[in-house]
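# Inside the fold
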Amino acid sequence: MIPLPSTLRIWLAAGVTDMRLGMPGLALKVQETLGRDPFAGDVYAFRGKRGDLVKLIWHDGVGLSLYAKRIERGHFLWPSARDGVIHLSPSQLSCLLEGIDWRNPQKTWRPELAG
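Along every chain, residues carry numbers that run from 1 in the direction the sequence is written. Local features in this predicted model are restricted to residues whose pLDDT is 70 or higher, and side-chain atom pairs enter the listing and the counts only when it is 80 or higher, whereas totals over whole chains, interfaces and linings include all residues. As a rule here, side-chain values cover all heavy atoms of the structure and leave hydrogens and water aside.

Going by the annotation in an unreviewed UniProt entry, the name recorded for the protein chain is Transposase, with Komagataeibacter intermedius AF2 given as the source organism.

Here the focus is the overall build of the protein chain. The secondary structure content of the protein chain amounts to two helices and five strands. For the exposure calls, accessible area comes from a 1.4 Å probe over protein chains only, and a residue counts as buried if that area is under 20% of its type's maximum, exposed if over 50%, partly exposed in between. For the protein chain, with 115 residues in total, the buried portion stands at 36%. Between two residues, a contact is recorded if the distance between any of their heavy atoms is within 4.5 Å. A sequence separation of at least 24 residues applies to 58% of the contacts in the protein chain between residues at least 6 apart. Accessibility throughout is a Shrake-Rupley quantity obtained with a 1.4 Å probe, and a residue counts as covered only by protein chains that appear here. Accessible surface computed for the protein chain: about 7600 Å², of which carbon and sulfur atoms make up 52%. Helix and strand definitions follow DSSP, with helices as H or I runs of at least four residues and strands as E runs of at least two, each counted in order from the N terminus.

We define a nonpolar core as any set of buried Ala, Val, Leu, Ile, Met, Phe, Trp, Tyr and Cys residues linked to one another through side-chain atoms lying within 4.5 Å. Within the largest apolar cluster, 17 residues are counted, with the highest numbers of intra-cluster contacts made by L12, L56, W78 and L96. Listing elements by their share of this core, those giving two or more residues are strand 1 (10-13), strand 2 (43-47), strand 3 (53-59) and helix 2 (90-97). If you tally residues by element for this core, the top one is helix 2, at four residues. Other than its neighbours up to four places away in sequence, L12 contacts A45, W78, P79, G84, V85, I86, L88, L96 and W102.

Time to look at the packing of aromatic side chains. Classification of ring pairs rests on two measures: the distance between centres of Phe, Tyr or Trp rings, Trp counted by its six-membered ring, which must be within 6.5 Å, and the angle between planes, read as stacked under 30 degrees, edge-to-face over 60 and tilted in between. A complete count under the given rule lists zero aromatic pairs for this structure. For a Lys NZ or an Arg CZ to count as sitting over a ring, it must be within 6 Å of the ring centre and within 35 degrees of the ring normal. The cationic tip of R36 hangs over the ring face of W11; the distance from NZ or CZ to the ring centre is 4.1 Å.

Below, the discussion takes up helix 1 (residues 23-32). Taken as a whole, helix 1 has its buried residues at L26, A27 and V30. What you see down the axis of helix 1 is that its buried residues fit within an arc of 100 degrees, all on one side. The outward face of helix 1, more than 90 degrees from its buried face, is lined by the exposed residues P24 and E32. On the buried face of helix 1, the contacting elements are strand 2, strand 3 and strand 4 (64-70). The arc in question is the one traced by the directions running from the helix axis out to the C-beta atoms.

Right, dumping it as structure tokens:
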């Protein structure tokens, strides 16, 4: 993943998105459905119906970028709201993209003994 500045605002689009959409379609969804400016420098994340694919769009001031990730097992954890956006921190986005519960990240295993 491209390193993101810590000051970057990240928005999760609640609900389901048609994953056939590319950059222009997702930018239009940000503008019309979410009521935000897709070229303001924020990152917008979208999830498909099956939950195993996520797409992010981001305008860095030079051009629009599209990042897509398909998870091999399980699904990306997403809010249950049908519409609107949820703000995430860059560390929460990293957890989400790794398949970790970004709402309550926890270490899953810690060794007890060194030998």
